[in-house]
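Structure assessment
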Amino acid sequence: KKGEKAAAETPTPKGRVRKGEKAAAATPTPKRTPAKRKQTERATPATKRPRKGQAAGPGMFLDGDVVAEAAKENLEAALRNLAGRPDVAASGKKPGDLLAALQTSGGLVNPAKRALLGES
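Below is a summary of the structure that appears in this document. (Residues numbered from 1 in each chain as written. Predicted model: local features only at pLDDT ≥ 70, side-chain atom pairs only at ≥ 80, totals over all residues. Heavy atoms only, no water.)

Looking at the overall build of the chain
A tally of regular secondary structure across the chain gives seven helices and four strands. Ordered by position from the N terminus, the helices and strands of the chain form the series α-β-β-α-β-β-α-α-α-α-α. Of all 120 residues assigned to the chain, the portion counted as buried reaches 25%. Contacts spanning at least 24 positions in sequence make up 43% of the contacts within the chain whose residues lie at least 6 apart. (Helix = DSSP H or I, 4+ residues; strand = E, 2+ residues; numbered from the N terminus. Buried < 20%, exposed > 50% of the residue type's maximum accessible area, 1.4 Å probe, protein only. Contact = heavy atoms within 4.5 Å.)

This is the structure we're talking about:
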């Protein structure tokens with residue numbers, strides 16, 4: 001009877017035996033092929049901080065000096081937000097003008113946009 005009982009039991013990773021489990025019940029873990037690994041790597045892009053002088057949105061290019069000046073005044077995020085708006089980018093205003101409008105509006109993007117575009 002000892003031999004029959006041992007066949008019905010399966011060893012655990014630490015070498016212990018669980019009672020009542022059969023070896024056939026264990027499911028192997030699926031292996032990942034190199035193609036699936038590449039798909040997973042591509043699906044999760046690395047997040048990097050944008051470099052100075054990079055495009056902020058559709059058609060707008062921010063000068064590195066203007067971005068540095070905005071960063072000193074804690075206006076970099078607002079500058080990128082303002083520059084990324086399609087109507088502001090289409091207006092053809094220079095990045096220095098955008099920063100000046102933000103400084104005048106106290107860092108508020110919508111009032112700066114209205115001042116740049118001449119809206120009331």
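Structural notes on the nonpolar core
If you look at the biggest cluster of nonpolar residues, it comprises 19 residues, and the most contacted ones within it are Leu79, Leu82, Leu98 and Leu102. Taken together, the elements giving at least two residues each to this core come down to α3 (64–72), α4 (76–83), α5 (86–91), α6 (95–104) and α7 (109–117). (Core = buried A, V, L, I, M, F, W, Y, C linked by side-chain atoms within 4.5 Å.)

Looking at the pattern of salt bridges
Summed over all chains, the structure comprises two salt bridges. Between Arg80 and Glu76 there is a salt bridge, and its shortest N-O distance comes to 3.3 Å. Here Glu76 and Arg80 lie together in helix α4, a separation of four residues that amounts to about one turn. Residues Arg80 and Glu76 agree in their burial class; the two are buried. Residue Asp87 pairs with Lys113 through a salt bridge whose shortest N-O separation is 3.3 Å. With a gap of 26 residues between them, Asp87 in helix α5 and Lys113 in helix α7 connect regions that are remote in the sequence. You can call Asp87 partly exposed: its relative accessible area is 33%. (Salt bridge = Lys/Arg side-chain N within 4 Å of Asp/Glu carboxyl O.)

Some thoughts on the side chain of Lys113
For Lys113, a relative accessible area of 17% gives the class buried. With residues up to four places along the chain from it excluded, the contact list for Lys113 reads Leu82, Arg85, Asp87, Val88 and Glu119.

Description of the environment of Ser91
Relative to the assigned elements, Ser91 resides in helix α5. Put simply, Ser91 and Met60 are 31 residues apart on the chain and 10.0 Å apart in space, counted from C-alpha to C-alpha.

Examining unusual backbone geometry
Trans peptide bonds make up most of the peptide bonds, and negative phi angles are found at most residues other than glycine. Phi at Asn74 takes a positive value of approximately 60 degrees, unusual for a residue other than glycine. Along the chain, Asn74 turns up in the loop between α3 and α4. Judged by relative accessible area, Asn74 falls into the exposed class, the value being 71%.

Points about α7
For α7, the set of buried residues is Val109, Ala112, Lys113 and Leu116. The arc enclosing the buried residues of α7, seen along the axis, measures out at 100 degrees, which places them on a common side. Packed against the buried residues of α7 are α4, α5 and α6. Gly118, located one to two residues past α7, shows a positive phi value of around 75 degrees. (Arc of directions from axis to C-beta.)

Points about α4
For an α-helix, 3.6 residues make a turn, and residues three or four places apart therefore share a direction. Most of α4 is tucked away, with six of its eight residues classed as buried. Among all positions of α4, only Glu76, Ala78, Leu79, Arg80, Leu82 and Ala83 are buried.

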